[in-house]
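Examining the three-dimensional arrangement
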Amino acid sequence: MPHNPEPLAVFDLDGTLADTGHRQHFLERSPSDWDGFFAAAPDDPPLTEGVALVLRTAATCEVLYLTGRPERCRQDTLDWIAAQGLPAGRLLMRRNDDRRPARRTKLAVLRELAANRRIRMLVDDDLLVCADARRAGVRVVHADWAAPSTTLTDAQGRAGRT
């Protein structure tokens, strides 16, 4: 592994840094309104605990944002990160046509990152992502500060959309 003294801290967005509660109603419809769900993301309030953690962590780590949001949401997501005063960092998103569960997409990215860098921690709200990352040897901080949502859990774990 190439030596880079600054470790990575990997942060999820939805449910970790961004409160998605106000837009989850788009997913409760049948069929789910994914365009509406993602279009409302710029209005997400920040989650105080997550924001405080990323700000503290940025003093000793390179911050990387790893989200299940599709690539088509890149500019809205970058604008949201900047508007919250969050540290600059690479933003890794899923391909627009990728419907794999978050635990699969994120674990693949974590393995790729770990091949070249030391990952100090992953901060994520998805219990399945957290469990798989722990099994892969990544230190995990479970972001349990957002209100639990079966709608978001289903979207992350089975629908392969966020």
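Structural data are supplied above this passage.
Residues numbered from 1 in each chain as written. Predicted model: local features only at pLDDT ≥ 70, side-chain atom pairs only at ≥ 80, totals over all residues. Heavy atoms only, no water.

Remarks on the overall build of the chain
Stated formally: Secondary structure is summarised from DSSP: a helix means a run of H or I of at least four residues, a strand means a run of E of at least two, and numbering begins at the N terminus for each. Both definitions apply: the radius of gyration is a C-alpha atom measure, and the globule rule equals 2.2 Å times residues to the power 0.38. The cut-offs for exposure are 20% and 50% of the maximum accessible area for each residue type, with area from a 1.4 Å probe on protein chains only; residues under the lower value are buried, those over the upper are exposed, and the others partly exposed. Contact between two residues is taken to exist if any of their heavy atoms lie within 4.5 Å; hydrogens are not considered. Accessibility throughout is a Shrake-Rupley quantity obtained with a 1.4 Å probe, and a residue counts as covered only by protein chains that appear here.
Across its full length, the chain carries six helices and five strands. In sequence order, the chain lays out its α and β elements as β-α-α-β-α-β-α-β-α-β-α. Its C-alpha radius of gyration of 15 Å places the chain within 12% of the 15 Å reference for a compact globule of 162 residues. Judged by the C-alpha coordinates and their principal axes, the chain covers about 50 × 30 × 25 Å. Looking at the chain residue by residue over its 162 residues, the buried ones come to 49%. Sequence separation of at least 24 residues holds for 73% of the intrachain contacts in the chain that already meet a minimum separation of 6. In the form shown here, the chain has an accessible surface area of approximately 7,900 Å², with 51% of it arising from carbon and sulfur atoms.

Some points on the pattern of salt bridges
Heads up, the rule is: Salt bridges are defined by distance alone: a side-chain nitrogen of Lys or Arg within 4 Å of a carboxyl oxygen of Asp or Glu.
Taken as a whole and assessed by the stated rule, the structure comprises 16 salt bridges. For aspartate 44, the salt bridge goes to arginine 23, with nearest N and O atoms at 2.7 Å. With a gap of 21 residues between them, aspartate 44 in the loop between helix H1 (34-39) and helix H2 (48-57) and arginine 23 in the loop between strand E1 (8-11) and H1 connect regions that are remote in the sequence. According to the relative accessible area criterion, aspartate 44 is buried, its value standing at 3%. Residue classification places arginine 23 among the buried residues on the basis of a relative accessible area of 0%.

Some words on the packing of aromatic side chains
Basically, it comes down to this: Centres within 6.5 Å are what make two rings of Phe, Tyr or Trp a pair, Trp counting through its six-membered ring; a difference in plane orientation under 30 degrees is then read as stacked, over 60 as edge-to-face, and the rest as tilted. Consider the ring centre and the ring normal. A charge sits over the ring if Lys NZ or Arg CZ is within 6 Å of that centre and within 35 degrees of that normal.
In this structure the tally under the stated criterion is three aromatic pairs. Within the aromatic cluster, the residues linked to one another by ring pairs are Trp34, Phe37 and Phe38. Positioned above the aromatic ring of phenylalanine 37, the side-chain terminus of arginine 23 is 4.3 Å from the ring centre.

A short note on the sheet that holds strand E2 (residues 62-70)
The line we're drawing: Should DSSP find at least two bridges between two strands, the strands are regarded as paired. Axes, fitted as lines to C-alpha atoms, cover a helix only where it is in contact. Angles between the N-to-C directions of the axes lie from 0 to 180 degrees.
One open sheet holds the five strands; their spatial order is E3-E2-E1-E4-E5, and the pairing between them is parallel. Two strands in the sheet have a free side with no partner beyond their single neighbour: strand E3 (90-94) and strand E5 (140-142). With strand direction ignored, the average angle separating the axes of adjacent strands in the sheet is 20°. Across three bridges, the pairing between strand E4 (residues 119-124) and E5 is parallel. Bridge pairing in E5 links leucine 122 to valine 140. Of the strands in this sheet, E1, E2, E3 and E4 are in contact with helix H4 (residues 102-114), which crosses E2 at around 150°.

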